[in-house]
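Okay, here's what each chain looks like letter by letter:
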Amino acid sequence: MKKLLILQLRPEDETADNEFEALLRYGDIDPRHVRRERIETTGIPQLDLDQYSAILVGGSPFDVSTPEADKSPIQKTIESDFKRLFDSIVAQDFPFLGACSGNGLLGDYCGATISKQYAEPVGGVDVTLTEEGQRDPLLINLPTTFRALVGHKEACDTTPPSAVLLGTSTTCPVQMFRVKNNIYATQFHPEGDIEGFTVRINVYKNHGYFPAEEAQSLIQSIQNEDTPIPKTILKRFVLRYHG
């Protein structure tokens, strides 16, 4: 059986491990059939896509829209590595799901402008499916509008050229898109839950996502958020491509 490849970009063990465990839990993924690569220090290793069923990419504190002169050497390496990887993924229409940072990296590769215009504070938002979204295999028969957890400093300003817009929100017009038939990106976190976002709020409270003094109020504000649909999307992706 081919393995599912999970690429992570979070430098902190606590956030990386929490994200990985959430992907396994909500994706209903057997850890024996996963290759996990934390690429935040070494970049992406050489990969033979024939060995994998699909790729999942999570979030990170890196921003594509950071001026080039201000990016760290490892961020530049990671972005260059993703461009190389996307050359193969797009050419093969290889199954891929990138969330948050994965969304920005794919959107940038596809020619979208990534900026802070549509940043969203940490919390829940209503995501609405487009007509194309309602017909997509991962989204068919799901509620037209559903809650999702977000928190990001940058986003796609517009749908990337040649991509299909699947989901949108009033505060961020590009919440989910698809390239070709099997390449997906979400601005929201499909694995996001209250526990995981509490961990991220505490770890990233000094990273510019929100004023540090608001951390406790943000933790309180997400306590009643119920976001089952994004987790269903994650599980459908895994089931469709990994089995």
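Bear in mind that the values here come from a model prediction, so they are computed numbers and not experimental data.

1. A look at the overall build of the protein chain
Counting secondary structure elements, the protein chain contains 7 helices and 11 strands. The C-alpha radius of gyration computed for the protein chain amounts to 16 Å, which stays within 12% of the reference 18 Å derived for 243 residues, consistent with globular compactness. A principal-axis box enclosing the C-alpha atoms of the protein chain has dimensions of 45 × 45 × 35 Å. The 243 residues of the protein chain split such that 58% are buried. In the protein chain, the share of contacts with a sequence separation of at least 24, taken over all contacts with a separation of at least 6, comes to 75%. Counting every atom, the protein chain has about 10300 Å² of accessible surface; 49% of that belongs to carbon and sulfur.

2. Concerning the nonpolar core
Among soluble globular proteins, nonpolar side chains are generally buried collectively. Formed by 32 residues in total, the largest nonpolar core has its most connected members in L7, I55, F82, L85, I89 and L106. For this core, the secondary structure elements donating two or more residues are β1 (3–8), β3 (52–57), α2 (73–92), α3 (101–109), β10 (176–179) and β11 (183–186). Sort the elements by how many residues they give to this core and α2 lands first, with 6 residues. Sequence-distant contacts of F82, that is, excluding residues within four places in its chain, are made with L7, L9, I39, I44, V57 and L105. Among the nonpolar cores identified, the runner-up in size contains 29 residues, and L23, I29, L129 and L142 belong to it.

3. Focus on the packing of aromatic side chains
Counted by the stated rule, this structure contains 6 aromatic pairs. When the centroid spacing of 5.3 Å and the interplanar angle of 80 degrees are considered together, the rings of F86 and F96 count as edge-to-face. Of this pair, F86 sits in helix α2 while F96 sits in strand β4 (residues 96–99), and the two are 10 residues apart along the sequence. For the pair F86 and F96, a shared accessibility class is recorded, and that class is buried. A network of ring pairs unites the aromatic residues F82, F86, F96 and Y109 as a single cluster. Here the guanidinium or amino end of R25 rests over the ring plane of Y26, the centre of that ring lying 4.8 Å away. Here the basic side chain of R36 rests over the ring of F20, its NZ or CZ set 4.4 Å away from the ring centre.

4. Describing the pairing of strand β2 (residues 34–38)
Here β1 runs beside β2; their pairing, made up of 5 bridges, is parallel. Within β2, the position partnered with Q8 by the bridge is R38. For the handedness criterion, the β-α-β arrangement of β1, helix α1 (residues 13–27) and β2 is classed as right-handed.

5. Observations regarding the sheet that holds strand β9 (residues 163–168)
Read from one edge to the other, the open sheet built from 9 strands follows the order β2-β1-β3-β4-β11-β10-β9-β6-β7, with strand pairing classed as mixed. With partners counted over all chains shown, the strands left at the sheet margins are β2 and β7 (145–152), one partner each. Ignoring strand direction, the axes of neighbouring strands in this sheet form an average angle of 25 degrees. For β9 and β10, the ladder comprises 4 bridges, and the chain directions are antiparallel. The residue of β10 that forms the bridge with L165 is F177. α1 contacts β1, β2 and β3 of the sheet and is inclined by roughly 155 degrees relative to β2. Strands in contact with helix α7 (residues 228–241) are β3, β4, β7, β10 and β11; relative to β3, the strand with the most contacts, it is inclined by about 155 degrees.

6. Some remarks on the pattern of salt bridges
Oppositely charged side chains may form a pair once their charged atoms are brought near each other. A full pass over the atoms with the stated rule returns 16 salt bridges. For D193, the salt bridge identified is with R25, shortest N-O distance 3.2 Å. Of this pair, D193 sits in the loop between β11 and α5 (194–203) while R25 sits in helix α1; the two residues are 168 residues apart in sequence, bridging distant segments of the chain. Using a relative accessible area of 9% as the deciding quantity, one classes D193 as buried. Residue class for R25 comes out partly exposed when judged on its relative accessible area of 43%. D81 serves as the salt-bridge partner of R84, at 3.3 Å between the closest nitrogen and oxygen.

Thresholds, definitions, all that
- Residues numbered from 1 in each chain as written.
- Predicted model: local features only at pLDDT ≥ 70, side-chain atom pairs only at ≥ 80, totals over all residues.
- Heavy atoms only, no water.
- Helix = DSSP H or I, 4+ residues; strand = E, 2+ residues; numbered from the N terminus.
- Rg over C-alpha atoms; globule rule 2.2 N^0.38 Å.
- Buried < 20%, exposed > 50% of the residue type's maximum accessible area, 1.4 Å probe, protein only.
- Contact = heavy atoms within 4.5 Å.
- Areas by Shrake-Rupley, 256 points an atom, 1.4 Å probe, with all protein chains shown as cover.
- Core = buried A, V, L, I, M, F, W, Y, C linked by side-chain atoms within 4.5 Å.
- Phe/Tyr/Trp six-rings, centres within 6.5 Å; stacked < 30°, edge-to-face > 60°.
- Lys NZ or Arg CZ within 6 Å of the ring centre and 35° of its normal.
- Pairing = 2+ DSSP bridges.
- Right-handed = clockwise from strand over helix to strand, strands pointing away.
- Axes fitted to C-alpha atoms, helices over the stretch in contact; angles between N-to-C directions.
- Salt bridge = Lys/Arg side-chain N within 4 Å of Asp/Glu carboxyl O.

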